[in-house]
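Residues per chain are reported as follows:
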Amino acid sequence: MKKKKVVAIHFTEKCMLNCPFCYARHSDKTIDEDLFLSLPKYLKQITKQVALGGGEPLMKKELLIKFAKECRKHKLVCNFTTNGVLLKRMNEKEIRRLFKNITMVSISYDYWKSRHFSREDWKTIIPILKRYTKVGVNYLATRILTPRMLVYDVGWFFGIKVDRIYLLYQK
């Protein structure tokens, strides 16, 4: 059987934001911990990479750390997508611990989330993150997006030298 490039798992619906276009249900539901932590043993048979999302994975940070450790044990690449709010609150020691077994973090960014972050926030946090992992941005273009906003907002990330940017559109 040919392995899949990546398997995406949304293991929690919990999130501190209420973005108007988010697909998450915003409940306190989280996958059963024992089941979740047993998955890497089986996933290694069908993929080489696991991408975690939610909700907001950092609201279940300890579970995320345990899962990433299991992935490493089973030779799986582990990545996750975050809104970035909780990353801003972490010190470098916490970031180093979090990314010990994680290969890349993708920051979900859009006009609505831009209210939570200044350019200085990103200029501070992204270089710290890059010491421990690769950093990507998933930029959601919405109906109110103008070309000028796109160049301005995404330009922040190009200027801060993230590893990749995905431009996504609403359904």
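That block above? That's the structure.
This report concerns the structure included in the present document.

Thresholds applied
Residues numbered from 1 in each chain as written. Predicted model: local features only at pLDDT ≥ 70, side-chain atom pairs only at ≥ 80, totals over all residues. Heavy atoms only, no water. Helix = DSSP H or I, 4+ residues; strand = E, 2+ residues; numbered from the N terminus. Expected span 1.5 Å × (residues − 1). Buried < 20%, exposed > 50% of the residue type's maximum accessible area, 1.4 Å probe, protein only. Contact = heavy atoms within 4.5 Å. Axes fitted to C-alpha atoms, helices over the stretch in contact; angles between N-to-C directions. Parallel < 35°, antiparallel > 145°, perpendicular 65-115°, else oblique. Left-handed = near helix turned anticlockwise from the far one by under 90°. Patch = residues over 30% accessible without salt bridge, like charges linked within 9 Å, V, L, I, M, F, W, Y side chains within 5 Å. Areas by Shrake-Rupley, 256 points an atom, 1.4 Å probe, with all protein chains shown as cover. Salt bridge = Lys/Arg side-chain N within 4 Å of Asp/Glu carboxyl O. Lys, Arg positive; Asp, Glu negative; His and termini not counted. Charge placed at Lys NZ, Arg CZ, Asp CG, Glu CD. Pairing = 2+ DSSP bridges. Core = buried A, V, L, I, M, F, W, Y, C linked by side-chain atoms within 4.5 Å. Polar contact = N/O pair within 3.5 Å; in protein donor to acceptor, adjacent residues only side chain to side chain. Phe/Tyr/Trp six-rings, centres within 6.5 Å; stacked < 30°, edge-to-face > 60°.

With 13 residues, helix α2 (residues 61–73) should cover 18 Å at 1.5 Å per step; its first-to-last C-alpha distance of 18 Å lies within 8% of that length. Looking at α2, one finds that the buried residues are Leu63, Leu64, Ile65, Phe67, Ala68 and Cys71. Among the structural elements, β1 (7–10), α1 (33–43), β2 (49–53), β3 (77–82) and α4 (92–98) are those in contact with the buried residues of α2. Among the residues trailing α2, Lys75 stands out with phi positive, at a value near 60°.

Moving on to the packing of α1 against α2. Relative orientation of the contacting elements α1 and α2 amounts to 20°, with a least axis distance of 9 Å. By the angle between their axes, α1 is roughly parallel relative to α2. Note that α1 runs across α2; the crossing there is right-handed. Note on element contacts: α2 touches α1 through Leu63, Lys66, Phe67, Glu70 and Cys71, opposite Glu33, Phe36, Leu37, Leu39, Pro40 and Leu43.

On the surface, Lys3, Lys41, Lys44, Lys48 and Lys75 cluster together into a positively charged patch. By secondary structure assignment, the location of Lys3 is in the segment before β1. You can call Lys3 partly exposed: its relative accessible area is 38%.

As a general feature of sheets, a regular strand has side chains that alternate between the two faces. Within strand β4 (residues 104–109), five of the six residues are buried, leaving the element largely enclosed by the surrounding structure. Relative to β4, β3 runs parallel, the two sharing four bridges. Across the sheet, Asn79 pairs through a bridge with Met104, a residue of β4.

Here the focus is the nonpolar core. One finds Leu52, Phe67 and Leu98 to be the most contacted residues of the largest nonpolar core, which totals 41 residues. Here the element with the most residues in this core is α2; it accounts for six residues. Not counting chain neighbours up to four residues away, the residues in contact with Leu52 comprise Ile9, Phe11, Phe36, Pro57, Leu64, Phe67, Cys78, Asn79, Phe80 and Thr81.

This next bit is on the side chain of Thr47. Topologically, Thr47 is positioned in the loop between α1 and β2. The class of Thr47 is buried, set by a relative accessible area of 1%. A distance of 2.9 Å separates a polar atom in the side chain of Thr47 from the backbone oxygen of Lys4. Beyond its immediate chain neighbours, meaning those up to four positions away, Thr47 contacts Lys3, Lys4, Lys5, Val6, Val7 and Leu76.

With that settled, the discussion passes to the packing of aromatic side chains. In this structure the tally under the stated criterion is four aromatic pairs. Judged by centre distance (5.8 Å) and plane angle (15°), the rings of Phe80 and Phe99 are stacked. Taken together, the positions of Phe80 in strand β3 and Phe99 in the loop between α4 and β4 put the pair 19 residues apart, joining distant regions of the chain. Consider the rings of Tyr109 and Trp122, whose centres lie 5.9 Å apart with planes at 85°: the pair is edge-to-face. Taken together, the residues span a long stretch of sequence, with Tyr109 in strand β4 and Trp122 in helix α5 (residues 119–130) at a distance of 13 residues. For Tyr109, a relative accessible area of 0% gives the class buried. An aromatic cluster is present here, built from Phe11, Phe36 and Phe67 joined pairwise through their rings.

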